[in-house]
Amino acid sequence: MENLQKAKQIIEKTLSYDDILLSRVKGLSNTLNDLIYGVLPKDLYEDLQYIDGLSPAKKRAILKMVNDYIDLILNKKTLKQQEKKDIKKLPIERFRQITEFKELKPIEKRALKKVGIKNAEDAFFYIPKRYEDRRLKDIQKVKDGETGTFECKVIETKKINKGKIKVEVVVEQKGNRFSLYFFHDKPFLFTFFRKDKVVKIFGKVKVYGKEKSILQPELLNEDFEGIFGVYSLRGDSNIKITSQTLNHLRRALIKISQKYADYYPDILPSYILEKYGFPDISESIKNIHKPPENENIDKLNDFETDYQKRLIFQELFILQLAQKYKKYHIQKEPSYKIKIDLDLLEEAIKSLPFELTNAQKRVLKEILDDLSRDFPMNRLVQGDVGSGKTVIAALSALMVAKNGYQVAVMAPTEILANQHYKNFVNFLQKFNLNIKLLTGSLSQKEKKEIYQDIKDGKVDIVIGTHALIEDDVEFKNLAFVIIDEQHRFGVEQRKRLTDKSHKYPHTMVMTATPIPRTMALAYFGDLDKSIIDELPKGRKPVKTAILFESERNYLYKKVREEIEKGRQVFVIYPLIEESEKSDLKSAMEGYKHWKEAFPDKEAFLLHGKMKQEEKDRIMRAFLAKEAHILVSTTVIEVGVDVPNASVMVIEEAHRFGLSQIHQLRGRVGRGQYEGFCFLMVPDEFKNATEPSRLKTLERLKILVRTNDGFKIAEEDLRLRGAGDIAGTAQSGKNIDFSIVDLERPIDLILMEDAIKEAENLIKQDPELTNFPLLKQYMLEKYKDKLDIVNIA
Ligand code: ADP
Ligand code: MG
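Residues numbered from 1 in each chain as written. Chains lettered and ligands numbered in written order. Predicted model: local features only at pLDDT ≥ 70, side-chain atom pairs only at ≥ 80, totals over all residues. Heavy atoms only, no water.

(A) Representation of the packing of helix α12 (residues 281-289) against helix α14 (residues 306-330). Following both chains from N to C, one finds α12 and α14 inclined at 110°, their axes separated by 9 Å at the closest point. Taken as axis vectors, α12 and α14 run roughly perpendicular relative to one another. Handedness of the crossing formed by α12 with α14: left-handed. When α12 is examined against α14, the residues Ile281, Ser284, Asn287 and Ile288 are found in contact with a partner set consisting of Tyr307, Gln308, Arg310, Leu311 and Gln314. (Axes fitted to C-alpha atoms, helices over the stretch in contact; angles between N-to-C directions. Helix = DSSP H or I, 4+ residues; strand = E, 2+ residues; numbered from the N terminus. Parallel < 35°, antiparallel > 145°, perpendicular 65-115°, else oblique. Left-handed = near helix turned anticlockwise from the far one by under 90°. Contact = heavy atoms within 4.5 Å.)

(B) Representation of the sheet that holds strand β11 (residues 435-438) in the model. Strands sit in the order β11-β12-β10-β13-β14-β9-β15 across an open sheet of seven strands; the sheet is parallel. Edge positions in the open sheet fall to β11 and β15 (528-532), since each of these has one partner strand only. Direction aside, the axes of adjacent strands within the sheet are offset by 20° on average. Where β11 meets strand β12 (residues 461-464), four bridges bridge the pair, whose relative direction is parallel. By the bridge assignment, Leu437 is partnered in β12 with Ile463. (Pairing = 2+ DSSP bridges.)

(C) The arrangement of the packing of aromatic side chains in detail. According to the stated counting rule, one finds 23 aromatic pairs in the structure shown. With a centroid separation of 6.3 Å and an interplanar angle of 80°, the aromatic rings of Tyr264 and Tyr777 are classed as edge-to-face. In this pair, Tyr264 is assigned in the loop between α10 (243-260) and α11 (270-276) and Tyr777 in helix α30 (residues 772-782), connecting sequence segments 513 residues apart. With respect to burial, Tyr264 and Tyr777 carry one shared label: buried. Look at Tyr556 and Trp594: their rings are 5.1 Å apart centre to centre, the planes differ by 80°, and that puts the pair in the edge-to-face class. (Phe/Tyr/Trp six-rings, centres within 6.5 Å; stacked < 30°, edge-to-face > 60°. Buried < 20%, exposed > 50% of the residue type's maximum accessible area, 1.4 Å probe, protein only.)

(D) Structural detail: the side chain of Thr498. With respect to the helices and strands, the residue Thr498 is situated in helix α20 (residues 491-498). If we ignore the near neighbours within four places in the chain, the residues touching Thr498 are Val481, Lys503, Pro505 and Thr507.

(E) Region of interest: unusual backbone geometry. Despite not being glycine, Asp196 has its phi angle at roughly 75°, a positive value. Take Asp196: it is sitting in the loop between α9 (187-192) and β5 (198-208). On the basis of relative accessibility, which here comes to 46%, the residue Asp196 falls in the partly exposed class. The residue Gln216 is not glycine, and still its phi comes out positive at about 45°. Locating Gln216 in the fold gives a position in the loop between β6 (211-215) and β7 (218-220).

(F) Fine view of the environment of Lys537. Mapped onto the fold, Lys537 is located in the loop between β15 and β16 (543-548). Looking at Lys537, the relative accessible area reads 77%, which means it is exposed. Taking the C-alpha atoms as reference, Lys537 lies 8.9 Å from Glu355; in sequence the two are 182 residues apart.

(G) Seen up close, helix α25 (residues 658-665). Within α25, seven of the eight residues are buried, which leaves it mostly tucked inside the rest of the structure. Restricting attention to buried positions, one finds in α25 the residues Leu658, Ser659, Ile661, His662, Gln663, Leu664 and Arg665.

(H) Inspection of the pattern of salt bridges at higher detail. Scanning all chains against the criterion turns up 50 salt bridges. Between Glu225 and Lys200 there is a salt bridge, with the nearest N and O atoms lying 2.2 Å from each other. Separated by 25 residues along the polypeptide, Glu225 in the loop between β7 and β8 (226-230) and Lys200 in strand β5 bring together distant segments of the chain. Between Lys445 and Glu449 there is a salt bridge whose closest N-O contact spans 4.0 Å. Residue Lys445 and its partner Glu449 are located together in helix α19 (residues 444-455), separated by four residues, close to a single helical turn. (Salt bridge = Lys/Arg side-chain N within 4 Å of Asp/Glu carboxyl O.)

(I) Layout of the site of ligand 1. Around ligand 1, a shell composed of 17 residues is seen, among which Glu355, Gln360, Gly386, Lys389 and Thr390 lie nearest. At 3.0 Å from an oxygen atom of ligand 1 is found a main-chain nitrogen or oxygen belonging to Gly388. Taken by itself ligand 1 offers 560 Å² of open surface, and the protein chains cover 83% of this. Per-class residue counts for the shell around ligand 1 are five nonpolar, six polar and six charged. (Near = heavy atom within 4 Å. Polar contact = N/O pair within 3.5 Å; in protein donor to acceptor, adjacent residues only side chain to side chain. Areas by Shrake-Rupley, 256 points an atom, 1.4 Å probe, with all protein chains shown as cover. Nonpolar A, V, L, I, M, F, W, Y, C, P; charged D, E, K, R; others polar.)

(J) Molecular detail of the sheet that holds β16. Read across the sheet, six strands follow the order β16-β21-β20-β17-β19-β18 without closing on themselves; strand pairing throughout is parallel. One side of each edge strand has no neighbouring strand; the edge strands of this open sheet are β16 and β18 (603-606). Taken over all neighbouring pairs, the strand axes of this sheet differ in orientation by 20° on average, direction set aside. Direction of pairing for strand β17 (residues 568-572) relative to strand β20 (residues 645-650): parallel, over a ladder of five bridges.

(K) Representation of the side chain of His289 within the structure. As for its placement among the helices and strands, His289 is situated in helix α12. A polar contact of 2.7 Å, which involves the side chain of His289, links it to the side chain of Tyr231. Every residue in contact with His289, bar those within four places of it in the chain, is listed here: Ala123, Phe124, Tyr126, Pro128, Tyr231, Leu253, Ile254, Ser257 and Gln258.

(L) Region of interest: the environment of Lys327. With respect to the element layout, Lys327 can be found in helix α14. A residue is classified by how much of its surface remains accessible, and Lys327, at 23% relative accessible area, is partly exposed.

(M) Molecular detail of the pairing of strand β3 (residues 165-173). When you tally the buried positions in β3, you get seven out of nine residues, the bulk of the element. Strand direction decides the pairing type here: β3 and strand β4 (residues 176-182), joined by seven bridges, are antiparallel. Paired with Val171 across the strands is Phe178, a residue of β4. Where β3 folds back onto β4 in an antiparallel hairpin, the turn is made up of two residues, including Lys174, whose phi is positive at roughly 45°.

It is worth stressing that arrangement in space is one thing and function is another; only the former is reported here.
See the structure below:
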């Protein structure tokens, strides 16, 4: 203790020096090391080793941290010798392997392994999805629907025949009688519930008037009381897991968290903990796995206790911090400053066959503003299908090309790349640019030529598929990268394209997948955002109707009418092959079906098992009107323009997400013809009363009511859950949360806070110099996933 006091005096004195004096101070490392050896966490030690050579600001920061640490120890008088040693081990405990935990039984280790938990940190953050109230309760005090564990005496066990109920057990607790009902009459019931035996059961209490009962209670023969975390499998894993395994998992997680969470470092700045009243990390981890006995179960299941809030906040905060950090550092990168030639721009806009919408003008201006700065643009342009993103991309590309730089446009499929190419050539024909298409289907010789021209700077704009990111493609001066349907590309692929630039290029990603605001906030905090929220004038909304199976004849009549008018028809099925479990009509079967219904017409089949070239070939043939009907699974390419198509039939519409259907129907009615979309649902939905079916119908009706992709996405999120949309929104980023759930109200509130605090912290301390541990965690987790520019 004395040494610590001495160290503190030295530090405080040194901190009072001005910068000039401070820069001259040497030998700090040795002096302090002698005084406080064995006290500091490992990484602080390392910092201390090098302190003499550092700048005054860095010296100050490290000294402050050491000082804080000493305070921590001096104030915690109860801290024993033992614990001090553990603090030293702090950073190592995070990754302690499960196999090294002696207190775990082999069966518990196996359970952890089964769900993918490898080390202490994995275990701490394998968080219950919900909680079950299994506390010991008094039957007299529980209300209808409440759960609990009840200790009671058996009065009578008898076979009965009341509907499905086969056995009734009358039990008594403190003079109050109630019944347990079972749907089966297996012999063990009669041994377990022997007359006068005291038993423990768990279940949900039902109250009818004065009568209380529990249907199918669980019979407990070991101590099984308290509030229980209910753990579930993460991700879309196929492993089967028994309730027995889940019990082992729970026990193991409780053991590890209660014993080792104290060694887990707290990375949140203490000013944040204070401001929000969050408990420290150790307490939070312990409580989340084993909530206090007197916790309010509803609050717990809403994830609104302080310790849950802290963990949710932390997860959101680190992601936001990573995004803001990235954004900050990108803005420090030199890029290509583009001079915008307004006369040329006006000429280009005038030469278009249509007038730009106000939304297009606004977004174009946002992009051009970005381009004319000397740091890189990093922008997400969202716009509903048909909102006209391509022309905006073309006009901005023109500006960059006319500055003598190169532009690359990457699309996910050959047919889309083709379409963009045609559009670019068409929109920019007057301006004497060399625009080239680069896709996998070019011959080796053609490719070589294009590679050479790109390298020599002869190509101004190159539009292509993944072929653009091949090693052979080298640019002379790539300044602008445009990526269409961003969710189809991974971080790695995007990076490979931007890395072909000699500086950090301007980057714009475009998407037609409406991303609800909350998702955009969570996953795209590093990007600036533009929304084209207006469709071109005169664009008629696709007429959408829900039809029941028994109305199929009407559908065929309508389809035939359209085909006779010369139009084409899309038919979409949800799955390719009949799986054992579901009775889905497969696209194959559907294809047969449609051919029978239209024997005199031509029909194509397109499905997910086909190779990309095969799909492209079929799409091209369909575009060339070689068939009237295209039966497809959902692989049909978002963004492909088939101006002659007027009908979109969605089979088994109840199996689709709304946004997905909305995207699909955006394929029709794009040309001069009116578009129709038919949502086919089974007859069971007619006059349905079951809540789930009613809800499904209610969802589908949203599509009939509105044509606004964002409104639909929001509703979809509300009614169906985040999973689907999150999938599209964040794919390519591989961000998975361990506690955050963007559907939960509390998480949204905390997200606003997390964004605010992350922005604030990056503004104050962009390098996170004062928070090395926080920085380390952030980079560990998101450096690769977000492709954070690495600045030493
Ligand atoms: P998306 O945003 O889905 O990529 P596109 O860029 O493919 O939409 O545009 C859809 C169609 O609308 C194209 O045929 C395009 O030429 C046309 N278009 C774009 N902007 C306008 C506009 N302002 N007025 C009329 N038509 C437009
Ligand atoms: Mg498009």
